[in-house]
Amino acid sequence: MDILTARHERSLMTVTLDGRLDALEAAPLRAILTDAIIDGQIDIIIDLSNVEFVDSAGLAALVKAMKDARRAGGDVRLVSPKAADAVRVFELTKFDKVFTMGLDVETLLNRR
Amino acid sequence: MTQVTQLELEATHLGLRDIAGWLDQLFESSGWSGSASRGAIELAIHEIAANVVDHAAPPDGKIRIDATPGECALHIEVADKGTPFDANDHSMPGEDAPQVRGYGLMIVEQVAQTIDYCRADGRNLWTATFNIEPAPAG
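Residues numbered from 1 in each chain as written. Chains lettered and ligands numbered in written order. Predicted model: local features only at pLDDT ≥ 70, side-chain atom pairs only at ≥ 80, totals over all residues. Heavy atoms only, no water.

Draft legend 1. Structural detail: unusual backbone geometry. For lysine 94 of chain A, which is not a glycine, the phi torsion comes out positive at approximately 65 degrees. Even without being a glycine, alanine 57 of chain B presents a positive backbone phi close to 45 degrees. Within the secondary structure, alanine 57 of chain B sits in the loop between α2 (38-56) and β2 (62-69). Residue alanine 57 of chain B is classed as exposed on the basis of its relative accessible area, which comes to 54%. (Helix = DSSP H or I, 4+ residues; strand = E, 2+ residues; numbered from the N terminus. Buried < 20%, exposed > 50% of the residue type's maximum accessible area, 1.4 Å probe, protein only.)

Here is the structure:
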């Protein structure tokens, strides 16, 4: 999985992922997000549109970042995956109702 | 020669990735190619096996999966020689504040028609049954 990050003005950061967000990839993602929030990047948009599969460990990395960011006054918002196999874990755990999710980065930026 | 109904994988997070390709072969040999159930079943088997990696840590480093395809259902057994599963050490997520971990078995319970656990002959044995939906029309 590639993890591309871009830091924008003030507290905003975008993260673009692809491939599988599973237990193998969750640890490096969690480290990146934790460091970013500690550095003050508390408004994070994670683009999951090209992610093919998400498991509970991948979900846990996103949930931890969301909780950390909200505690600091920010949020983690998600661009919805296109693949049904990646969306499924959000629906089964009802986290599709907990995260702010949008069709693309522009949509989420305009909701700020 | 290993049959397509059996998979022995390394009890590591990297090893879990073998499940996807094996399941593709199993579905193809069972005449279920394109079934809408495949993705959910992969996720459920993956979560059972991930639970073994994270909590059972089998000393031989192996997880064994046996599949029995039926007419319109799939029966799966996941076995390992690791630490016994302790249900008291495994809290399910609640409805209110979102917790970070503990969603694996919750996912399995929603996808599988049945899910059971027993400890026998020094092995953890998870058994699950999944309905097979036909491939989408067109």
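After that view, the rundown keeps rolling.
Draft legend 2. Spatial organisation of the sheet that holds strand β4 (residues 75-79) of chain A. All names here are of chain A. Spatial ordering of the open sheet is given by β1-β2-β3-β4-β5, a layout of 5 strands whose pairing is mixed. Each edge of the sheet is formed by a strand with only one pairing partner; in this case those strands are β1 (3-7) and β5 (100-102). With direction set aside, neighbouring strand axes in the sheet form an average angle of 20 degrees. Where strand β3 (residues 43-54) meets β4, 5 bridges bridge the pair, whose relative direction is parallel. In the strand pairing of β4, isoleucine 45 is matched with arginine 77. (Pairing = 2+ DSSP bridges. Axes fitted to C-alpha atoms, helices over the stretch in contact; angles between N-to-C directions.)

Draft legend 3. Region of the structure containing the pattern of salt bridges. All told, the structure shown has 13 salt bridges over all chains when counted by the stated rule. Between arginine 70 of chain A and aspartate 75 of chain A there is a salt bridge, with the nearest N and O atoms lying 2.8 Å from each other. For arginine 70 of chain A, a relative accessible area of 37% gives the class partly exposed. The partner of glutamate 10 of chain B in a salt bridge is lysine 62 of chain B, with the nearest N and O atoms 2.5 Å apart. Of the two residues, glutamate 10 of chain B is situated in strand β1 (residues 6-10) and lysine 62 of chain B in strand β2; the sequence distance between them amounts to 52 residues. Counted as one network, the salt bridges with shared partners bring together Arg20, Asp22 and Glu25 of chain A together with Arg17, Asp24, Arg38 and Glu42 of chain B. (Salt bridge = Lys/Arg side-chain N within 4 Å of Asp/Glu carboxyl O.)

Draft legend 4. Representation of the side chain of aspartate 22 of chain A in the model. Mapped onto the elements, aspartate 22 of chain A comes out in the loop between β2 (12-21) and α1 (23-38). Given a relative accessible area of 0%, aspartate 22 of chain A falls into the buried group. Not counting residues up to four positions away in its chain, the partners in contact with aspartate 22 of chain A are Phe53, Asp55, Ala57 and Gly58 of chain A together with Arg17 and His46 of chain B. (Contact = heavy atoms within 4.5 Å.)

What is shown is where atoms sit, not what they do.
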